[in-house]
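Tertiary structure, described
Below are the chains, spelled out letter by letter.
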Amino acid sequence: MSANFIALKSLLTKEINRFTRIWLQTLVPPAITMSLYFVIFGTLIGERIGTMSGFSYMEFIVPGLIMMSVITNSYSNVASSFFSSKFQRNVEELLVAPVPTWIIIAGYVGGGVARGLLVGCIVTVLSLYFVNLNIANLGVLLISVLFTSILFSLGGLINAILAKSYDDISIIPNFVLTPLTYLGGVFYSLTLLPDFWQGVSKANPIVYMINTFRYGFLGVTDIPLVYSFSIIFLFVAALFSLAYWMISRGYGLRS
Amino acid sequence: MSALSIKGLTKTYKGGVEALKGIDLTVEQGDFYALLGPNGAGKSTTIGIISSLVNKTQGDVEVFGYNLDTDLVKAKQQIGLVPQEFNFNQFETVLQVVMNQAGYYGVTRKLALERAQKYLTELDLWDKRNARSRELSGGMKRRLMIARALMHEPRLLILDEPTAGVDIELRRSMWDFLQQLNEQGVTIILTTHYLEEAESLCRNIGIIDHGTIVQNTSMKALLSQLNIETFVLDINPVENDVSLSGFETRLLDDHTLEVDVEQGHELNTLFTELSKHGITVMSMRNKANRLEELFLRLVNQTR
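Below is a short write-up of the structure.

**Notes on the overall build of chain B**
The secondary structure content of chain B amounts to ten helices and 14 strands. With respect to the principal axes defined by its C-alpha atoms, chain B has extents near 70 × 45 × 35 Å. Per-residue burial over chain B gives 52% buried out of 303 residues. Within chain B, contacts between residues at least 6 apart in sequence are counted, and of these 68% link residues at least 24 apart. For chain B, the accessible surface area stands at approximately 13,900 Å², while carbon and sulfur atoms represent 46% of it.

**Considerations on the interface of chain A and chain B**
Contacts between the two partners involve 22 residues from chain A, matched on the other side by 31 residues from chain B. Carbon and sulfur atoms make up 49% of the area that chain A and chain B hide from each other, which totals about 2,400 Å². Taken together, chain A and chain B are joined by three salt bridges. The residue lysine 14 of chain A makes a salt bridge to glutamate 92 of chain B at a minimum N-O spacing of 3.2 Å. Here chain A and chain B share 14 residue pairs in polar contact (both at pLDDT 80 or more) between them. Of all the elements, helix H1 (residues 3–21) of chain A adds the most residues to the side of chain A that touches chain B, at eight residues. Its residues placed into classes, the side of chain A that touches chain B shows ten nonpolar, five polar and seven charged.

**Remarks on the nonpolar core**
The nonpolar side chains of a soluble globular protein tend to be buried, and buried together. Among the nonpolar cores identified, the biggest contains 153 residues, and Leu65, Phe82 and Leu157 of chain A together with Val63, Leu120 and Leu157 of chain B are the most heavily contacted of them. Top contributing element to this core by residue count: helix H4 (residues 57–87) of chain A, with 16 residues. In this structure, Phe231, Val238, Leu270 and Ile279 of chain B belong to the second largest nonpolar core, which totals 13 residues.

**Considering the environment of glycine 264 of chain B**
Within the fold, glycine 264 of chain B resides in the loop between strand E13 (256–262) and helix H9 (267–276). Judged by relative accessible area, which is 75%, glycine 264 of chain B ranks as exposed.

**Describing the pairing of strand E7 (residues 156–160) of chain B**
Residues and elements named next belong to chain B. Across the five residues that make up E7, a large majority, five, are buried. As judged from the four bridges shared by strand E6 (residues 79–82) and E7, these two strands associate in the parallel manner. Bridge pairing in E7 places leucine 81 opposite isoleucine 158. The pairing of E7 with strand E8 (residues 187–191) spans five bridges and is parallel.

**With respect to the sheet that holds strand E10 (residues 212–218) of chain B**
Residue and element names in this part refer to chain B. Read from one edge of the open sheet, six strands run E6-E7-E8-E3-E9-E10, paired in mixed fashion. Bordering the open sheet on either side are E6 and E10, each of which pairs with just one other strand. Along the sheet, successive strands turn relative to each other by an average axial angle of 15°, direction set aside. Running over the sheet, helix H5 (residues 138–150) touches E6 and E7 and is turned about 170° from E6. Helix H6 (residues 168–183) contacts strand E3 (32–36), E7 and E8 of the sheet and is inclined by roughly 145° relative to E8.

**Let's talk about the packing of aromatic side chains**
Residues and elements named next belong to chain A. This structure, assessed with the given rule, holds 17 aromatic pairs over all chains. Note on tyrosine 37 and phenylalanine 187: the rings are 5.8 Å apart at their centroids and 40° apart in plane angle, and the pair reads as tilted. Residue tyrosine 37 is found in helix H3 (residues 28–49), and its partner phenylalanine 187 is found in the loop between helix H8 (168–182) and helix H9 (195–201); the two are separated by 150 residues along the sequence. In this structure, tyrosine 37 and phenylalanine 187 share a single accessibility class: buried. Where phenylalanine 83 meets tyrosine 166, the ring centres are 4.8 Å apart and the plane angle is 80°; that geometry is what we call edge-to-face. Note that phenylalanine 83 is positioned in helix H4 and tyrosine 166 in the loop between helix H7 (138–162) and H8, a separation of 83 residues in sequence. Of the residues examined, phenylalanine 83 reaches a relative accessible area of 2% and is grouped as buried. Ring-pair connections join several aromatic residues into one group, and the members of that group are Tyr37, Phe41, Tyr182 and Phe187.

**Some words on the packing of H1 of chain A against helix H3 (residues 94–104) of chain B**
Running from amino to carboxyl end, H1 of chain A crosses H3 of chain B at an angle of 145°, the nearest separation of the two axes being 7 Å. Of the residues in H3 of chain B, those in contact with Ala3, Ile6, Ala7, Ser10, Leu11, Lys14 and Asn17 of chain A of H1 of chain A are Gln96, Asn100, Gly103 and Tyr104 of chain B. Looking at the contact of H1 of chain A with H3 of chain B, its residues break down into five nonpolar, five polar and one charged.

**Considerations on the side chain of asparagine 87 of chain B**
Here asparagine 87 of chain B shows up in the loop between E6 and H3. Looking at asparagine 87 of chain B, the relative accessible area reads 3%, which means it is buried. Within polar-contact distance, the side chain of asparagine 87 of chain B engages the side chain of arginine 148 of chain B at 2.5 Å. Once residues lying within four places of it in the same chain are set aside, the contact partners of asparagine 87 of chain B are Gln88, Arg89, Asn90, Glu92 and Glu93 of chain A together with Met145 and Arg148 of chain B.

Rules behind the numbers
- Residues numbered from 1 in each chain as written.
- Chains lettered and ligands numbered in written order.
- Predicted model: local features only at pLDDT ≥ 70, side-chain atom pairs only at ≥ 80, totals over all residues.
- Heavy atoms only, no water.
- Helix = DSSP H or I, 4+ residues; strand = E, 2+ residues; numbered from the N terminus.
- Buried < 20%, exposed > 50% of the residue type's maximum accessible area, 1.4 Å probe, protein only.
- Contact = heavy atoms within 4.5 Å.
- Areas by Shrake-Rupley, 256 points an atom, 1.4 Å probe, with all protein chains shown as cover.
- Buried area = accessible area lost by both parts, 1.4 Å probe.
- Salt bridge = Lys/Arg side-chain N within 4 Å of Asp/Glu carboxyl O.
- Polar contact = N/O pair within 3.5 Å; in protein donor to acceptor, adjacent residues only side chain to side chain.
- Nonpolar A, V, L, I, M, F, W, Y, C, P; charged D, E, K, R; others polar.
- Core = buried A, V, L, I, M, F, W, Y, C linked by side-chain atoms within 4.5 Å.
- Pairing = 2+ DSSP bridges.
- Axes fitted to C-alpha atoms, helices over the stretch in contact; angles between N-to-C directions.
- Phe/Tyr/Trp six-rings, centres within 6.5 Å; stacked < 30°, edge-to-face > 60°.

Spelled out as structure tokens, the structure:
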């Protein structure tokens, strides 16, 4: 077994142990929040809304809500884990060891993806109580959720590298991520918006991720898949490069 | 081959603070080396650069011939670091802390478990292996950091004040452990504020102050520079000041006498002089640790 593989396995195991050890803080809250969304928006209000893009409102919002929980959990897992490693200085355990930068990124991002996808699975299982989910394209569904999770895990990592206090790792989720997610077409189809606001919405990268994921379930999307995947892959490549540059330079980690 | 070779190392922090002003230092393989200096002298910056926690401004560092700029992975594999402050994850168990670190160095799980048992047992922590590390006492935490640093069996162990805040009994058992490691061939670099520790453990010594090396020599050669030693004698009560031929004396109170003894002066002569004056010595001790006196003298010279 190569040294790099052992290092990656150790880091990944440590990351997964971390969020499963505090499952009450990491796995239960999204399950409760999303159940409330299903009850209030899906069942109580949704029945009065009628159909959206040819599907019941509940069927329409479930993929978006699953994706929303994947995004927020992937992001916050890496942001809080890496920042607390920096704060407690145990990131030094990695910096003194011969661990390549890409392994450090893969280990933390892997932890974020593991939590994001686990929460996504929990929310999916809960949604089955409210709606019968059909899968239109499993490949699109899995690739979109995996790469979106990777993308936001990388975002959380960069946020943690830049952060100087715990406040700094809550600013982006609260003031950027949440508005972009809510305005990213979780609760409505972009076609309902006037042309101008449809154009504005297309500047929101989360729109592409939610639409692609929804396509995996429902087979309908507001945006062509090729655009969506290009945007997702482009962001993943850009954020990975930025994180790689920062960690290898010791930005925010070495004085 | 040198275990550590530093040439022209400089470090200027953002804001312009010049922590290291071009230091040169060589530590031979198998050495037990003390790196001493007052707070803020540049010890931790030097250690930080060697262990890749601080970016250097200029200069070259080689560890067992591996240059940090060109052979970083191999250089890192040679080094075990015991930092000054506790920097392990406080929520992980003792075993998890050491196993993770072994994993980062590519040590297989089976081998890591064997080493964990060996080092945690030797450092008296095996019974605590499933305890969360934050529940350990200060001394146990220090020993955990030593065990963690040994998991990949480094050839160079760097300890930054390993016995700070540790009681005397435990400190001595840690000294024994470090001496055994050194006898097994591990090169050790130690920084400490307990100069007695440096004097009793280390063969060679470097003193750093204001970012420059002010002394880099063997402990023996350094101590030989001390030409006067001061002894404190507990004597039978005397009424008048005591004047001894060939010795500088000070009567601190009626039963405590301080005597300066120059290098080369025999203590027998001192006792003969004391007997002549009818003074009985009940006990005697060094006024200060010899290394402490030299250290203060060398550091004060640079101010």
